[in-house]
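# Descriptive structure summary
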Amino acid sequence: MTHRSDDRPARAQGRVTGAERARVAELHALGWSRGAIARDLGRSPDTIRRIADAAELSFDRSRTAVAVAAKQVDNRARRASLIARAYDQAGAVLDRLEAPDGYDATGTATNGVTVTTRVAVPPAHDVKALAGAFSTLTASAARMEAVDSGTDVEDAKSMLSQLGDALGVVAHAIDGGESGG
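The structure contained in this document is the topic of the report that follows. On a predicted model such as this, the values are computed, not experimentally measured, just so you know. (Residues numbered from 1 in each chain as written. Predicted model: local features only at pLDDT ≥ 70, side-chain atom pairs only at ≥ 80, totals over all residues. Heavy atoms only, no water.)

Let us look at the nonpolar core. If you look at the biggest cluster of nonpolar residues, it comprises nine residues: V24, L27, I37, A38, L41, I48, I51, A52 and F59. Put simply, the parts of the chain that give this core at least two residues each are α1 (18-29), α2 (34-41) and α3 (45-54). (Core = buried A, V, L, I, M, F, W, Y, C linked by side-chain atoms within 4.5 Å. Buried < 20%, exposed > 50% of the residue type's maximum accessible area, 1.4 Å probe, protein only. Helix = DSSP H or I, 4+ residues; strand = E, 2+ residues; numbered from the N terminus.)

Below, the structure written as structure tokens:
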């Protein structure tokens with residue numbers, strides 16, 4: 001088999017051989033994942049899935065379910081942080097617009113030098129730009145909040161039920177259930 005420049009084996013081409021089918025069954029029996037088998041044989045995970053389906057082999061998806069659930073929790077936390085930051089930035093934009101001691105307006109003099117001047121009221125073009133920034137920040141935060149709003153309680157119950165089922169499978173396997181079949 002040839003190798004790529006990054007030292008990974010090149011993907012096999014053409015029809016799947018009987019030896020490859022046997023190797024898939026062998027590695028499956030050893031508990032290898034579909035991705036690990038694909039890497040070992042230099043075939044795509046989809047090819048391995050088709051071979052496994054034809055041989056009526058199935059892969060344990062409980063680790064995948066647990067990993068997906070964990071990723072969802074991580075993403076919720078990440079969104080919560082981003083939402084807080086977006087609202088903080090939106091507040092800073094309003095603070096800048098409403099500063100009681102004036103507004104620092106920046107412009108370019110005729111000689112090309114940037115000049116900052118303290119003014120009582122922000123120029124209209126700055127108000128427009130800052131209002132747009134405020135609108136964008138708050139709308140983005142609201143959209144991220146909607147993702148986690150849980151508008152459908154049944155969806156949440158279903159997700160928690162699936163997570164519980166996956167954790168039960170893993171707990172059973174850890175307790176020695178895999179030897180009992």
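That was the structure; now back to the text.
Further remarks concern the pairing of strand β1 (residues 103-108). Note that β1 and strand β2 (residues 114-119) share six bridges and pair antiparallel. Among the inter-strand pairings, D104 is bridged to a residue of β2, identified as R118. Turn length for the β1-β2 hairpin, with the two strands adjacent in sequence and antiparallel, is five residues, and the turn residue G112 shows positive phi of about 90°. (Pairing = 2+ DSSP bridges.)

Below, the discussion takes up the packing of α2 against α3. α3 packs onto α2 with a crossing angle of 110° between their chain directions and a minimal axis gap of 8 Å. Here α2 lies roughly perpendicular to α3, going by the angle between them. Residue-level contacts link R34, I37, A38 and L41 of α2 to P45, I48 and R49 of α3. Looking at side-chain class alone, the contact of α2 with α3 contains five nonpolar, no polar and two charged residues. (Axes fitted to C-alpha atoms, helices over the stretch in contact; angles between N-to-C directions. Parallel < 35°, antiparallel > 145°, perpendicular 65-115°, else oblique. Contact = heavy atoms within 4.5 Å. Nonpolar A, V, L, I, M, F, W, Y, C, P; charged D, E, K, R; others polar.)

Here helix α4 (residues 62-97) crosses helix α5 (residues 124-147) at 160°, and the two axes come no closer than 9 Å. As judged from the angle between their axes, α4 and α5 are roughly antiparallel. In terms of crossing hand, the pair formed by α4 and α5 is left-handed. Along the contact surface, α4 presents R79, L82, I83, A86, Y87, Q89, A90, V93, L94, R96 and L97, while α5 presents V127, L130, A133, F134, L137, T138, A141, A142, M144, E145 and V147. (Left-handed = near helix turned anticlockwise from the far one by under 90°.)

Each turn of an α-helix holds 3.6 residues, which means side chains three or four residues apart point in the same direction. Among the residues of α3, those classed as buried are T47, I48, I51 and A52. One face of α3 carries all of its buried residues, which in axial projection span an arc of 135°. Close packing links the buried residues of α3 with α1 and α2. The first or second residue beyond α3 is E56, which carries a positive phi of 55°. (Arc of directions from axis to C-beta.)

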